[in-house]
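Residue-level listing of the chains:
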Amino acid sequence: MRRQTHLAVTIFPDEASAFQAYRLLHYYGISPEHLAIVGKGYSNPDHIGLLRPMQIVMRQARSWSIVAGTIGSLIAFVLVLVQSHGYSNLDSLKPLWLIPTAGVVSGFFGAFVGGLFGLFGEGTTVSVYRHHLNRGQYLLMMEGPEKLVRWGQEVLSQYSTSRSS
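Enquirer: How would you sum up the overall build of the protein? Please name residues and give values.
Expert: A count of helical and extended segments in the protein gives 5 helices and 3 strands. Beginning at the N terminus, the succession of helices and strands in the protein can be written as β-α-β-α-α-α-β-α. Across the 165 residues that make up the protein, the buried fraction comes to 34%. In the protein, the share of contacts with a sequence separation of at least 24, taken over all contacts with a separation of at least 6, comes to 77%.

Here's what the structure looks like:
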């Protein structure tokens, strides 16, 4: 399934260049509803959904923990059913303790894996953007259909090459 919206983030060294790029995109037909300037005096990163890296890590850990815990409990439940019907010899295990134990262990493992994915995946990207904001730079965020975002990136690339000439 394809994503409905796409996001592009451009970093600018100062407020003037970020605002100039914003106006340029608006001039070329990109509606302000698809654009946001993030930085001092403009949108707050928290208000536009640019979470802190630890928020991403915790969210990923929680979701992976729930999924892994559920899968672990279901597998343990199936093992208990198999054992109760005599298809397997799991007499050394306490069947009733197997289900919650498997759920807890797999939940902890899922939280660990999810935290790593959050930290080294999306969390790394967010921390780079937050670093630029902390240095006083500005982000121009463009969100919308793929065609619109590509058009905006093309406009900005033409703008940057014409400025450096």
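Enquirer: Give me the lowdown on the packing of aromatic side chains, citing residues and values where you can.
Expert: Taken as a whole and judged by the stated rule, the model has 5 aromatic pairs. Relative to Y138, the ring of Y42 has its centre 6.0 Å away and its plane inclined at 85°; by these criteria the two rings are edge-to-face. Separated by 96 residues along the polypeptide, Y42 in the loop between β2 (35–38) and α2 (53–84) and Y138 in strand β3 (residues 138–144) bring together distant segments of the chain.

Enquirer: Got a sec to walk through α2? Specific residues and values, please.
Expert: Taking 1.5 Å per residue, 32 residues should reach 46 Å; α2 reaches 46 Å between its end C-alpha atoms and fits that length. For α2, every residue scored as buried is listed here: I56, V57, A61, A68, G69, G72, A76, V80 and Q83.

How each quantity is defined
- Starting afresh in each chain, residues are numbered from 1 along the sequence in its written order.
- Local features in this predicted model are restricted to residues of pLDDT 70 or higher, and side-chain atom pairs are both shown and tallied only at a pLDDT of 80 or more, whereas totals for entire chains, interfaces and linings draw on every residue.
- Heavy atoms from the whole structure form the basis of all side-chain values; hydrogens and water molecules are not counted.
- Strands are runs of DSSP state E lasting at least 2 residues, helices are runs of H or I lasting at least 4, and numbering of each runs from the N terminus.
- For each residue, the accessible area found with a 1.4 Å probe, counting protein chains only, is set against the maximum for its type, and the residue is called buried under 20%, exposed over 50%, and partly exposed in between.
- The contact rule is simple, with two residues in contact once any of their heavy atoms fall within 4.5 Å.
- The criterion for an aromatic pair is that two Phe, Tyr or Trp rings (for Trp, the six-membered ring) have centres within 6.5 Å, with stacked assigned to planes under 30 degrees apart, edge-to-face to planes over 60 apart and tilted to the rest.
- Here the expected length of a helix is defined as 1.5 Å per residue gap, with one fewer gap than residues.

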